[in-house]
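Structure assessment
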Amino acid sequence: MIWKLSVTGIKNRLKDYLVLFSGLIVASMIFYMFLSIATNPVFISKDVYGREAYLNYIFTFGIILLVIITSVYLVYANSFLLSMRKHDYGMYMMLGAKSTRIGLLIFCETLLTGFLAVLLGITLGLGLTTVVTKLLVGKLGLEITHYKAILPSAIIGTLIFFVIIFLLGALGNMRKLIRTPVIDLLHEDQTPINLNHHPVLRGIEAVCGVLLLAVGYYVMTLPTNYIYLLIPTALVTIIVGSFFVFNGVFTAIINFLLNKKSFSYRGINEFTLGQLKFRLQSYTKVLTTISILFALALGAITVGLNFGSMKDEAQKGIYYDATIISQTPVVKKAEAKLTITNKQTYHYKEKGMHLYFNQAEFNKQPLKEVAVYFHDNQNNSPTYKVKTLATAKLDKPQTTENSIFSQMVPNGLPKKIHLVSPKRWQTIGGQKKFVSYINVKDFVHDFPVINQIQKQQLRENRNYKDTYLNSKPYYYSNVLGFTSAFEFMGFFLGLAFLTMLASTLMFKVLSGAASDKVRYQMLHEIGARPRLLRSSIRKEIGTLFTMPAILGIVDVLCGLQLFRSLLKAPYHNIWIPFTIFIVLYLGYYLLTVTLYEKIVLTKK
């Protein structure tokens, strides 16, 4: 009977449950997507290049943060579920149902809703993870080869976490319902809430909030040698500072506008400001969470995008795009696919510990290199300049030219290089060989073919290893692997945090809609036009969405300073993630306004 009533209750409020259900699905889907990255050892060891301790620190910190965020989100989703059904449960109890049976009913509904949502969320997460992976790899040109969308450990971890959370939520709802008198269940929307008026305390909080934020922002500008200390310090000061800012600064702004009669007496602005002042006392914690999530989301995508700039730097540091030492059919076939713009070929003879080159070929086509100059400026941005290597010094030991050229020739490091005249070169015995240096029209476009050639030559000639390790393809491959992994994670985490923060704020607003309905009904009955009521709702919810967004944007603009030693220009193309977030955030705002209006506005 209890399960039947649970299913009937869900059917009767199907529209509201669909909103809740979709949010829970998104939460479980995001949680799975993150775990599929963080708990994929092959992906971390093969596709992410970095110190193991550093990566473990990042992922451990990320999982803890995600657990906290998801738990907070589920608290508000659970509150929304309970607020939808309190009146119904009160009616059941008025008709003679025992509180323990009703408690069991809400327990079953919470557990059933959560369990179905997490199963569907994991299923959709598997599909979405696969699709997003392919899109990111295809569109961004990422090199992700060891990532698995279906990971049993991530599935089990997601199930265990959400089952525990939903079980605790169901027990909490059951306990709260049993302890709440019937009359409160029926008339909770009419229960007054006392506001704490402490102007001096609010002023102290405002000052402390601003000072703590200033300390947090300053810490992020310090040298990154102590990154493990800087991040926790900045996180604590910014979180506490944000809480005080919402509780003190924004409350002071609202009080100022309420006292400004020319503004508050216009339309129903006084009611709107009163609603905001009423909300801020209970919204401080969630708004603080939203602002931090907003900064993390924006930061994740911004940093992820900027890691891509390292690929451009990798191309500038070495002049020649590829080295060819083989004439096998496999290499020739691959070379024919390249859009070669310049090719310099040098013949030599290998005899014992000596390599003899035809000097005339160097006189005709001198070797070139890229010189890198570092400047002591704010961005530490290097300057690249193409230089011609002095041919006369190529075979002179202890010279820079000889050291560079030795690394460009297979087996050149252990052996001595000689540049001889064409006539003498003809008389020298030894094994005839060649080495060609090529430049292509578009290195990024041709890189897959170039990389194929390099690996084939490694298989054919083990002496090519030292040359390959000093080539542009090898350097670019390493940078590509490093940046691709972080671009990949940045997009995943950024979109995950945005969805979570917007859904959390939406459920927080909607969970209080039932108690707000009576206020809008009173305004409607005394003659307030529906247009004014809708305008008030848009302003009120818009302010609640805007406040954490503003603080989150400031957080991320200052937080990017942490990456200044790793990224050449951490603020490069910052408009891209901002545009993505504005569009998605605006979509959640419009959805919240629409759902809120359907609940609180009286229908004719």
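The sections below set out a description of the structure shown in this document. Every chain begins its residue count from 1, and numbering advances along the sequence as written. This being a predicted model, a pLDDT of at least 70 is required before a residue's local features are given, and a value of 80 or more before pairs of side-chain atoms are given or counted; all residues contribute to the totals for chains, interfaces and linings. Values reported for side chains reflect all heavy atoms of the structure, with hydrogen atoms and water molecules removed beforehand.

**Some words on the overall build of the protein chain**
Note the cut-off: The numbering of helices and of strands both runs from the N terminus, where a helix is a DSSP run of H or I of at least 4 residues and a strand a run of E of at least 2. Only protein chains enter the area calculation, which uses a 1.4 Å probe; residues under 20% of their type maximum are buried, those over 50% are exposed, and those in between are partly exposed. The contact definition used throughout considers only heavy atoms, calling two residues in contact when any of these lie within 4.5 Å. Areas reported here follow the Shrake-Rupley algorithm with a probe of radius 1.4 Å; residue values treat only the protein chains shown as occluding.
Scanning the protein chain from N- to C-terminus turns up 22 helices and seven strands. For the protein chain, with 604 residues in total, the buried portion stands at 48%. Nonlocal contacts in the protein chain, meaning residues at least 24 apart in sequence, comprise 82% of its contacts between residues at least 6 apart. Accessible surface, the protein chain as shown: approximately 29,600 Å² in total, 64% of it carbon and sulfur.

**Some words on a positive patch on the surface**
Cut-off, in case you're wondering: The residues that make up patches have over 30% relative accessible area and no salt bridge, and they are joined within 9 Å when like-charged or within 5 Å when they are Val, Leu, Ile, Met, Phe, Trp or Tyr. Every case where a carboxyl oxygen of Asp or Glu lies within 4 Å of a side-chain nitrogen of Lys or Arg is listed as a salt bridge. By the counting rule applied here, Lys and Arg register as positive and Asp and Glu as negative, while His and the ends of each chain are not counted. For the purpose of locating charges, the reference atoms are NZ of Lys, CZ of Arg, CG of Asp and CD of Glu.
Positive charge collects at one region of the surface, where R266, R534, R538 and K539 lie side by side. Within the element layout of this structure, R534 appears in helix α21 (residues 530–559).

**Examining the nonpolar core**
The condition that has to hold: Here, the term nonpolar core denotes a set of buried Ala, Val, Leu, Ile, Met, Phe, Trp, Tyr and Cys residues that are joined through side-chain atoms within 4.5 Å.
L287, L501, Y520, I537, I541, Y585 and Y596 are the most contacted members of the largest nonpolar core, which has 64 residues in total. Listing elements by their share of this core, those giving two or more residues are α8 (199–219), α9 (227–259), α11 (269–307), α19 (472–511), α20 (513–525), α21 and α22 (575–600). With 16 residues, the top contributor of residues to this core is α11. Non-local contacts of Y585, meaning those with residues more than four positions away in its chain, are made with I290, F294, L498, L501, L505, F545, P548 and A549. Of all hydrophobic cores here, the second largest spans 19 residues; its members include I325, F405, V409 and I417.

**Considerations on the side chain of K349**
The criterion, for reference: As used in this structure description, the phrase polar contact means that two N or O atoms lie within 3.5 Å; if the pair is within protein, one of them must be able to donate a hydrogen and the other to accept it, and residues adjacent in sequence are counted only when both atoms belong to side chains.
The residue K349 is located in strand β2 (residues 340–351) in this model. The buried charged residue K349 lacks any salt bridge partner; its closest oppositely charged side chain belongs to E361, at an N-O distance of 11 Å. At 2.9 Å, the side chain of K349 forms a polar contact with the backbone oxygen of W425. One polar contact links the side chain of K349 to the main-chain carbonyl oxygen of I428, over a distance of 2.8 Å. The residues touching K349, leaving out its near neighbours within four places in the chain, are H354, L355, Y356, W425, Q426, I428, G429, Q431 and K432.

**What to know about the environment of G430**
If you trace the backbone, G430 turns up in the loop between α16 (422–427) and β7 (431–440). Along the primary structure G430 and G352 are separated by 78 residues, whereas in three dimensions their C-alpha atoms are 8.2 Å apart. Excluding its chain neighbours within four sequence positions, the residues that come into contact with G430 are E350 and K351.

**Brief notes about α22**
Filter applied, for reference: Expected span of a helix, by definition, is 1.5 Å for each gap between consecutive residues, and there is one gap fewer than residues.
With 26 residues, α22 should cover 38 Å at 1.5 Å per step; its first-to-last C-alpha distance of 37 Å lies within 8% of that length. Taken together, the buried positions of α22 are P577, F578, F581, Y585, Y588, Y589, T592, V593, L595, Y596, E597 and V600.

**Section: the packing of α21 against α22**
Condition: For helices, the axis comes from a line fit to the C-alpha atoms of the stretch in contact; other axes are also lines fit to C-alpha atoms, and the angle between any two N-to-C directions lies between 0 and 180 degrees. Working definition: roughly parallel below 35 degrees, roughly antiparallel above 145 degrees, roughly perpendicular at 65 to 115 degrees, and oblique for all remaining angles. By definition, turning the near helix anticlockwise from the far helix through less than a right angle yields a left-handed crossing, and turning it clockwise yields a right-handed one. Under this grouping Gly is polar, as are all residues other than the nonpolar Ala, Val, Leu, Ile, Met, Phe, Trp, Tyr, Cys and Pro and the charged Asp, Glu, Lys and Arg.
Close contact between α21 and α22 brings their axes to 10 Å; oriented N to C, the two are set at 150 degrees. When the interaxial angle is binned, α21 and α22 end up roughly antiparallel. The interaxial crossing formed by α21 with α22 has right-handed handedness. Contacts between α21 and α22 involve R534, I537, R538, E540, I541, G542, F545, P548, A549, I553, V556 and L557 from the first element and F578, Y585, Y588, Y589, T592, V593, Y596, E597 and V600 from the second. Split by residue class, the contact of α21 with α22 holds 15 nonpolar, two polar and four charged.

**Description of the sheet that holds β7**
To be explicit about the condition: Here, a strand pair is defined by DSSP locating no fewer than two bridges between the strands.
Here we have five strands laid out as an open sheet, ordered β1-β7-β2-β3-β6, and mixed in their pairing. The strands lining the two open edges of the sheet, one partner per strand, are β1 (322–324) and β6 (416–420). Within the sheet, the average angular offset between the axes of one strand and its neighbour, ignoring direction, is 30 degrees.

**Quick look at the side chain of K415**
Along the chain, K415 turns up in the loop between α15 (400–408) and β6. By relative accessible area, K415 is classed as buried at 15%. At 2.4 Å, the side chain of K415 forms a polar contact with the side chain of E350. Of note is the side chain of K415, whose polar atom sits 2.8 Å from the backbone oxygen of G352. What K415 contacts, discounting residues up to four positions off in sequence, is E350, G352, M353, H354 and L355.

**A few points about a nonpolar patch on the surface**
On the surface, I156, I160, I164, L167, L168 and L171 cluster together into a nonpolar patch covering about 540 Å² of accessible area. With respect to the element layout, I160 can be found in helix α6 (residues 152–179). I160 sits in the partly exposed class, given a relative accessible area of 47%.

**Digging into the pairing of β7**
Taken across its 10 residues, β7 has seven buried, putting it largely inside the fold. In this structure, β1 lies alongside β7, joined through three bridges in antiparallel fashion. In the sheet register, T323 faces β7, and the bridge partner there is Y437. Where β2 and β7 come together, 10 bridges link them in antiparallel fashion. Opposite N342, over in β7, you have N439 as the bridge partner.

**What to know about the environment of P530**
Turning to its location among the elements, P530 is positioned in helix α21. In this structure, the C-alpha to C-alpha distance between P530 and Y520, residues 10 residues apart in sequence, is 9.6 Å.

**A word on the packing of aromatic side chains**
Let me state the cut-off plainly: Paired rings are identified among Phe, Tyr and Trp, the last through its six-membered ring, by centres lying within 6.5 Å, and are further divided according to the angle between planes into stacked (under 30 degrees), edge-to-face (over 60) and tilted (the rest). Lysine and arginine charges are scored as sitting over a ring when NZ or CZ, respectively, is within 6 Å of the ring centre and within 35 degrees of the ring normal.
The tally for this structure, following the rule as stated, stands at 17 aromatic pairs. On the basis of an interplanar angle of 35 degrees and a centroid distance of 5.2 Å, the ring pair of Y320 and Y437 is categorised as tilted. With Y320 in the loop between α12 (309–316) and β1 and Y437 in strand β7, the pair connects residues that are 117 residues apart, well separated along the chain. The same class applies to Y320 and to Y437, which are both buried. With a centroid separation of 5.4 Å and an interplanar angle of 85 degrees, the aromatic rings of F362 and F405 are classed as edge-to-face. Here the residue F362 occupies a position in helix α14 (residues 359–364), and F405 occupies one in helix α15, the gap between them amounting to 43 residues. A relative accessible area of 0% means that F362 is categorised as buried. On the basis of relative accessible area, F405 is assigned to the buried category, the value being 0%. An aromatic cluster of at least three residues, connected via ring pairs, comprises Y319, Y320, Y346, Y348, F357, F362, F405 and Y437. Taking the ring centre of W425 as reference, the NZ or CZ of K349 above it sits at 4.5 Å.

What is shown is where atoms sit, not what they do.
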